[in-house]
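Survey of secondary and tertiary structure
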Amino acid sequence: MDYLPPPWKIKMVEKVNLLSRSGRESAVKEAGFNTFLLKSRDVFIDLLTDSGTSAMSDNQWAGLMLGDEAYAGSENFYNLEKAVKDVYGFSFVVPTHQGRAAEHLMARALVQKGQHVLSNMYFTTSREHVERRGGIWQDCIVPEAHDPQKDKPFKGNFDIARTGRLIKKLGKNKIAFIRVEANCNMAGGQPVSMKNLEDLKTLAERHEIPVIMDATRALENAYFIKAREKGWEKTPVKKILKNMMRFTDGITVSSKKDNLVNIGGFLATRNKKIFEETKTLVVVYEGLHTYGGMSGRDMEALARGIREMVENDDYVEHRVKQVEWFGGLLKEAGVPIVVPVGGHAVYLDAKKFLSHLPQSQYPAQTLSASIYEECAVRSMERGIVSAGRDPKTRKEHGSKLELVRLTVPRRVYTNDHLGFAAEGIVNLFKKRQTIRGLKMTYEPKQLRFFQAKFRRV
Ligand SMILES: *Cc1c(COP(=O)(O)O)cnc(C)c1O
């Protein structure tokens, strides 16, 4: 497994506490065996999410001091606009407070009631905003995306044949837009190939359907193209990223991921009509079109984060390889993980890890709680608890997958931290037979995984 040193050094540190075993046992019990209900101060290594958890650089922190907090026409907005134009290649930029707000504006501008949106799998907030407009979501991802053991380089790809058939069947007027997510989150951070993006755009253009990319993790996707797709091995990631954008009409971005800030987002497009509509809407829902819910200083940190992420390939190469290295430690020790390892997280296959537990005892929830007890590492359940219930029938949505997500924040943890986490998980794997399942004792009506409580059976 190749091991890269980080292309940064540590200038400021934040203290973390490692609670004793008994302290962890009582903390997780008090949290109802739900890692979302743990206090951050009781967590030693926090792998809950990569969203908004990045460490900013000295250059970004310095930028905060240059916040121009004018209501209109802040200097920092123009810096942001220029950074988006230089790095992503779009002339029109609408700032928003985070990714879901950009999705909201895009759905309002493009989706009419009864229209369909074709996508590679889905993301929770992206689908929600389309459905709130009366739109219908269609999953067109390649079938292997649903198989955790299938080791394929581009498991985020669109199934182009199926997409073509759907367009024929529905008719182009019934399709609001095609949404392609780079490094598809719900599929485990799996990339889309350049070839697939090009084929998709060709198909969409023939039917005059706009292609909107969820470019939240487009940088990490661009790195995978460099590492895995023929013909791109020698191209700088910065160029690959910009080339990916050629096959889209616009993007929505949660800057809490690739862009290395703790809050922020934007949408960008080269389509004047989309720009004009979303620019009118941003004033209603977010703020004036030169801040869109962000302060001047936040926009400055974001503008600098966007430039920094592509300054050279070192940052993203280390980032993706660190996640891969972490996954490799687990895999080599026989711990069942989803392959290939994605760009932002390692997923444990809890059905295999805790094969003695039936799904009714929530193996992924159990595993996530047990990992915390073992080594004070926080992870997230992505199984039957997250899948929730059908809002009409109230039946549990079945979930083929019972996964635990270990998400790696950007520039926050060294390999020492991840090695410690891997060691804890491997130790737990050795005594997996002793782990007892859970029973749900409190179930919220919506998005139950956030607040549900459990007890040991
Ligand atoms: C996080 C995320 C979003 C939503 O962004 P927020 O900034 O959390 O509102 C949208 N799409 C993808 C792929 C994401 O990972």
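Presented here is a report on the structure given in the accompanying data block. Keep in mind that what you see is a predicted model, and the values were worked out from it rather than measured.

**Things to note about the site of the ligand**
- Lining the immediate environment of the ligand, one finds 14 residues, of which Arg100, Asp214, Arg217, Ser254 and Lys257 sit closest.
- The contact in question runs from an oxygen atom of the ligand to an N or O atom on the side chain of Asn185, over 3.2 Å.
- Taken by itself the ligand offers 380 Å² of open surface, and the protein chains cover 97% of this.
- The element that contributes the greatest number of residues to the shell around the ligand is helix α4 (residues 99-110), accounting for 3 residues.
- For the shell around the ligand, a count of residues per class yields 1 nonpolar, 6 polar and 7 charged.

**Brief notes about the packing of helix α14 (residues 363-375) against helix α16 (residues 415-430)**
- Interaxial distance between α14 and α16 falls to 9 Å at its minimum, and their mutual angle equals 115°. Classified by the interaxial angle, the pair formed by α14 and α16 is roughly perpendicular. The interaxial crossing formed by α14 with α16 has right-handed handedness. Residues Leu367, Ser370, Ile371, Glu374 and Cys375 of α14 touch α16, and the partners they reach there are Phe420, Ala421, Gly424, Ile425, Asn427 and Leu428.
- By residue class, the composition of the contact of α14 with α16 is 7 nonpolar, 3 polar and 1 charged.

**Observations concerning the layout of surface pockets**
- Counted as a void, the second largest pocket has a volume near 1,500 Å³.
- Contributing to the lining of the second largest pocket are 40 residues, with Met12, Ala55, Met56, Arg411 and Val412 lying nearest its centre.
- Looking at the lining of the second largest pocket, the elements with two or more residues in it are β1 (45-46), α2 (58-64) and α12 (314-332).
- In terms of residues, the lining of the second largest pocket owes the most to one element, α2, which gives 3 residues.
- A per-class count over the lining of the second largest pocket returns 17 nonpolar, 12 polar and 11 charged.

**Here we look at the state of the cysteines**
- Evaluated as defined, the whole model comprises 0 disulfides.
- In this structure Cys140 is not part of a disulfide, and its nearest cysteine sulfur, from Cys184, lies 12 Å away.
- Take Cys140: its relative accessible area is 0%, and that puts it in the buried class.
- The exposure class assigned to Cys184 is buried, which follows from its relative accessible area of 0%.

Cut-offs and rules
- Residues numbered from 1 in each chain as written.
- Predicted model: local features only at pLDDT ≥ 70, side-chain atom pairs only at ≥ 80, totals over all residues.
- Heavy atoms only, no water.
- Near = heavy atom within 4 Å.
- Polar contact = N/O pair within 3.5 Å; in protein donor to acceptor, adjacent residues only side chain to side chain.
- Areas by Shrake-Rupley, 256 points an atom, 1.4 Å probe, with all protein chains shown as cover.
- Helix = DSSP H or I, 4+ residues; strand = E, 2+ residues; numbered from the N terminus.
- Nonpolar A, V, L, I, M, F, W, Y, C, P; charged D, E, K, R; others polar.
- Axes fitted to C-alpha atoms, helices over the stretch in contact; angles between N-to-C directions.
- Parallel < 35°, antiparallel > 145°, perpendicular 65-115°, else oblique.
- Left-handed = near helix turned anticlockwise from the far one by under 90°.
- Contact = heavy atoms within 4.5 Å.
- 1 Å grid on protein atoms, 1.4 Å probe; cavity = no way out; pocket = protein on both sides within 12 Å on 5 of 7 lines; lining within 4 Å.
- Points joined across faces, edges and corners; volume = space filled by probe spheres on them.
- Disulfide = S-S within 2.5 Å.
- Buried < 20%, exposed > 50% of the residue type's maximum accessible area, 1.4 Å probe, protein only.

Bear in mind that shape data such as this cannot, by itself, settle questions of function.
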